[in-house]
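Each chain is listed here by its residues.
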Amino acid sequence: MKILLATILTVALVVIGICIFKTYKEKHRLAKIVRNILLTGLLIVLFNLVSLLTRFEPVCLVAYSAYFVASDWLLYFLLQFSLEYIGNDFEKHVKKKYMCLLLLADSANILLNNVFEHLYTLKHVSLFGGESYYELVVYWPFAVHYFIILMVAAFCLISLFYGALKAPVFYRKKYMTIAVIMVVLIVLYFITFKSAIDVSVIGYVIEGICIYYCAFVYTPQRLLQKTLFQVTQDMSVALFVMDIEGKNLYSNKYAEELFDTESPLVNKEGITLEQWCRDAYMNQEEEFTKQQTFYRGDEELILKIQLQRMVDAHKQLQGGYFVVQDRTEEIIALRKERYLATHDSLTGLYNKQRFYEKCEKYINRHADKELLMICTDIKEFKMINDFLGTKTGDLVLQNIAIMLKEQVTKAIYYGRLGNDVFSILMAKEDFSEALFAKEEQGAYFSGMTRDVSFPIINYIGVYEITERTLPVSVMCDRARMAIAKIKGDYHKRISYYDNVMRDTILHEQELISDLNTAISDGQLKMYLQPQTSVSGELLGAEALVRWIHPEKGFIMPGDFIPVFEKNGLISDVDRYIWEVACKQLRKWKEEGREDLYISVNISPRDFYFLNIYQIFTELVEKYDIAPQNIKLEITETAIVMDFKRQMELISRLRRTGFVVEMDDFGSGYSSLNMLKDIHVDVLKIDMAFLKKAEDEERSKKILQMIISLSKELGMPVITEGVENAEQAKFLSEMGCEMFQGYYFAKPMTVEEFENRYLR
Ligand code: C2E
Ligand code: CA
Ligand code: CA
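Residues numbered from 1 in each chain as written. Chains lettered and ligands numbered in written order. Predicted model: local features only at pLDDT ≥ 70, side-chain atom pairs only at ≥ 80, totals over all residues. Heavy atoms only, no water.

### What about the coordination of the calcium ion (ligand 2)?
Next up, step 1: Protein coordination at the calcium ion (ligand 2) comes from Glu542 (OE), Asn601 (OD1), Glu633 (OE) and Asp663 (OD), with a distance range of 2.1 to 2.4 Å.
Next up, step 2: Between consecutive donors of the calcium ion (ligand 2), the numbers of intervening residues give the motif E-x58-N-x31-E-x29-D.
Next up, step 3: For the pair the calcium ion (ligand 2) and the calcium ion (ligand 3), the metal-to-metal distance amounts to 3.7 Å, and Asp663 bridges them. Within this pair, whereas Glu542 is found in strand 15 (residues 538-549), its partner Asn601 is found in strand 17 (residues 597-602), the two being separated by 59 residues in sequence.
Next up, step 4: With a relative accessible area of 3%, Glu542 lands in the buried category. (Donors = N, O, S within 2.8 Å, 3.2 Å for Na, K, Ca; no water. Helix = DSSP H or I, 4+ residues; strand = E, 2+ residues; numbered from the N terminus. Buried < 20%, exposed > 50% of the residue type's maximum accessible area, 1.4 Å probe, protein only.)

### A word on the pattern of salt bridges
Next up, step 1: In total, this model carries 30 salt bridges according to the counting rule given.
Next up, step 2: Here Arg586 and Glu590 are joined by a salt bridge, their closest N and O atoms 2.8 Å apart. Here Arg586 and its partner Glu590 are both found in helix 19 (residues 570-590), 4 residues apart, which amounts to about one turn of the helix.
Next up, step 3: By relative accessible area, Glu590 is classed as exposed at 57%.
Next up, step 4: With its nearest N and O atoms 3.9 Å apart, the salt bridge here joins Lys631 to Glu661. In this pair, Lys631 sits in strand 18 (residues 630-635) while Glu661 sits in strand 19 (residues 659-665), placing the two residues 30 residues apart along the sequence. Side by side, Lys631 and Glu661 carry an identical accessibility label, which is buried.
Next up, step 5: Where salt bridges share partners, they join Glu542, Lys631, Glu633, Glu661, Lys684 and Glu720 into one cluster. (Salt bridge = Lys/Arg side-chain N within 4 Å of Asp/Glu carboxyl O.)

### A closer look at a negative patch on the surface
Next up, step 1: On the surface, Glu694, Asp695, Glu696 and Glu726 cluster together into a negatively charged patch.
Next up, step 2: With respect to the helices and strands, Glu726 occurs in helix 27 (residues 725-734).
Next up, step 3: Assessed through its relative accessible area of 52%, Glu726 is described here as exposed. (Patch = residues over 30% accessible without salt bridge, like charges linked within 9 Å, V, L, I, M, F, W, Y side chains within 5 Å. Areas by Shrake-Rupley, 256 points an atom, 1.4 Å probe, with all protein chains shown as cover. Lys, Arg positive; Asp, Glu negative; His and termini not counted. Charge placed at Lys NZ, Arg CZ, Asp CG, Glu CD.)

### Let's talk about the domain arrangement of the protein chain
Next up, step 1: In terms of domains, the protein chain is made up of domain 1 (2-227), domain 2 (235-333), domain 3 (343-497) and domain 4 (519-757).
Next up, step 2: In this structure, domain 1 and domain 4 have C-alpha centres spaced 122 Å apart. (Domains from an automatic or database assignment.)

### Focus: the nonpolar core
Next up, step 1: Core analysis: the biggest nonpolar cluster contains 79 residues, and Phe616, Ile630 and Leu731 have the highest contact counts within it.
Next up, step 2: Per-element accounting of this core gives the leading share, 8 residues, to helix 19.
Next up, step 3: In this structure, Leu5, Tyr76, Tyr120 and Cys214 belong to the second largest nonpolar core, which totals 70 residues. (Core = buried A, V, L, I, M, F, W, Y, C linked by side-chain atoms within 4.5 Å.)

### Observations concerning the packing of aromatic side chains
Next up, step 1: Tallied over the entire structure, the rule returns 30 aromatic pairs.
Next up, step 2: Clustering of aromatic rings is evident, with ring pairs tying together Tyr64, Tyr67, Phe68, Tyr120, Phe142 and Tyr146.
Next up, step 3: Over the ring of Tyr24 we find Arg35, and its NZ or CZ is 4.1 Å from the ring centre. (Phe/Tyr/Trp six-rings, centres within 6.5 Å; stacked < 30°, edge-to-face > 60°. Lys NZ or Arg CZ within 6 Å of the ring centre and 35° of its normal.)

### As for the site of ligand 1
Next up, step 1: Around ligand 1 sit 22 residues in total, of which Gln529, Arg546, Asp574, Glu723 and Tyr742 are the nearest.
Next up, step 2: Side-chain polar atom of Asp574 to a nitrogen atom of ligand 1: 2.7 Å apart, as the coordinates give it.
Next up, step 3: If you list the elements that add at least two residues to the shell around ligand 1, you get strand 15, helix 18 (557-567), helix 19 and strand 19.
Next up, step 4: Take the shell around ligand 1: its biggest share by element is 4 residues, from strand 15.
Next up, step 5: The residue makeup of the shell around ligand 1, split by class, is 10 nonpolar, 5 polar and 7 charged. (Near = heavy atom within 4 Å. Polar contact = N/O pair within 3.5 Å; in protein donor to acceptor, adjacent residues only side chain to side chain. Nonpolar A, V, L, I, M, F, W, Y, C, P; charged D, E, K, R; others polar.)

### Regarding the side chain of Asn252
Next up, step 1: As for its position among the elements, Asn252 is in the loop between strand 4 (248-251) and helix 9 (253-258).
Next up, step 2: Given the relative accessible area of 0%, Asn252 is considered buried.
Next up, step 3: A distance of 3.0 Å separates a polar side-chain atom of Asn252 from the backbone nitrogen of Leu239.
Next up, step 4: Not counting the four nearest positions on each side in its chain, Asn252 is found in contact with Thr232, Gln233, Met235, Val237, Ala238 and Leu239. (Contact = heavy atoms within 4.5 Å.)

### A look at helix 12 (residues 352-365)
Next up, step 1: In this model, helix 12 (14 residues) spans 20 Å end to end at C-alpha, consistent with the 20 Å of a helix rising 1.5 Å per residue.
Next up, step 2: Elements in contact with the buried residues of helix 12: strand 8 (350-351), strand 9 (371-378), strand 10 (413-418), strand 11 (421-427) and helix 16 (472-486). (Expected span 1.5 Å × (residues − 1).)

### Re the sheet that holds strand 6 (residues 299-311)
Next up, step 1: An order of 4-3-7-6-5 is seen for the 5 strands of this open sheet, with the pairing classed as antiparallel. Each end of this open sheet is capped by a strand with a single partner; those strands are strand 4 and strand 5 (288-296). Strand-to-strand twist across the sheet, computed as the mean angle between neighbouring axes with direction ignored, equals 25°.
Next up, step 2: In this sheet, strand 7 (residues 317-326) lies alongside strand 6 in antiparallel orientation, the contact comprising 9 bridges. Among the inter-strand pairings, Arg309 is bridged to a residue of strand 7, identified as Gly320.
Next up, step 3: The sheet strands contacting helix 11 (residues 328-342) are strand 5, strand 6 and strand 7, and the helix crosses strand 6 at an angle near 120°. (Pairing = 2+ DSSP bridges. Axes fitted to C-alpha atoms, helices over the stretch in contact; angles between N-to-C directions.)

Here it is, written out as structure tokens:
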């Protein structure tokens, strides 16, 4: 009998040991408490085993006391478990601290029994067959221990029942299992503690394992089902589960809404969503995720449909399910975002980036289609913005966009490249100048701004796409270059890019990029053309720039000055030449030729970019030369542009001692009337003035008049472009005293000049 019990207890020890070991692997919040329960349970079984097997009374006595103390603490941990496991508010009513003190006192009391034997003692009992054991003889004070145990157990049970009552139905079973086992355990404890075989010990083992199982392993099947059902029902995606034949096994609330038969969702082909899913499931082997658009009346629904197949352990198909998500809002937001990123917000046309992308693709895909890149540019749009306000400016742009779409209906793409530049890609066969002609009338815009009707002129530049591999931006640049050619021309509205234009532009771009090195490397040279009396006696010289380019060779000013005048770089050239001229004058001064002067050219653009007065006063100071030795050649154009200011500047320069000369008189706006208002030192007349006229005799008379008049006004005249003796003769007879021209000498290097005139 003893052997049997010992074996059972040993087995129990091993099982509890395994459970304890497993609790170390659990991450559950109750793992520690369960471990404590199992550990005390283990001790109880162990001490029970000792008391059963020992032959020594004192050992048995100590084992019993340890067994009782351990049961105290087992109950304490059970209480802790009940409270925590249920997680209910019952905890408030149980003061664990007092409970702990009570149990400590009881434990001490029990341990003292080993000395005083005031609670219980042992009686040696012999059984049949030579077996014997120690029987417990309890005294009435031991009732305190039972009372405490009972009290704690009661708390445990109340807590479990209370929790079970409050818990959802599916959890109730779990709690009740533990509670029932606990009741059985306590009953056993009281019935059997005095018997030789304490069956309650087995109960501890079972209880411990049950607790372990309930806490960590067991999940009620129905609970699982119910939870899954709840979760899937409330999901914001539709779930539609089918068996292997495509029969509906389960669909959640949302799926039922989508499959609603009264107002079904149908796609463009008229197939309902449910049918579509079933077809896809039956026909397709593979799992997929697709985006599909379905309609319910006018409402558009963009759905993300995902098919998953379920297979068993042997890879046998079990069924499948669809997960359907409504992505409409997201996709519409995305489309909107994409629209904003690719369209111009003002006009709704493609923005630059998008236009380029679209054109590039189109041009690549239509290799044998003749295409045109067309750009438009509003004449003086800045003025519209400045005078009529940006709001009106915006309106103009919006109207142009509308107009383009209405008139040029056959364009492939429309875009707005920025500001007032619109662009169109179109087939050559669809193009005609008439398409763009209407806008010249400006009718579209009249009455648009309260009282102002502003004629809008749109320049059109056309590039025929001959080099198809060029970046689209370059094609647009070419169309715009064509515009640049006619800007300012009042008669032309449409301009075509051609290869000559390309070469010119390329050449110009090269010149522009080469200018800086040209100046720093001294490639720009000052040539001097003598100015003489009629007999050829040297008076001075005009400084004329030449560019000795390392690759392009000798470049005349006519080839690069207009280029630099367009962008203001002319000022760099002029400042450089002026400085060279002053340096030269300084050199001559040192050589004793202070009588010679140099005429320098001042471009009309210089007046915008430079402080002419300051520069020249600084130069004469720097080189210590007389201002009288510098003649400043100013053209009529420069004066007419800002008459009042220019006249002030001229008189200021003259007061300082500079000689101001009016260059190219007679070639521009000049009128005789102007002569009386312009106060300059010298009038310079170009012989080209005569050549241009049809009736030379008449022109000569005018020339005669001008010369006489200016002499009258005290302005000496110099004639340039004098090419032969005859010209020199009649000019001289007319009263001209200074001459410049090939007849006397061509422009030459400084060295040549010095060799010829100064040595
Ligand atoms: P411009 O100021 O009217 O200079 C006179 C031009 O007439 C020079 O041309 C000169 O070589 C040319 N010329 C002189 N005598 C005769 C002649 O008998 N027959 C003919 N057909 N031409 C004659 P160039 O040197 O080619 O200069 C052209 C223009 O470039 C100049 O016209 C001037 O406006 C401009 N230019 C030259 N150098 C400079 C400069 O350093 N700065 C600025 N801003 N402009 C310059
Ligand atoms: Ca000149
Ligand atoms: Ca001139």
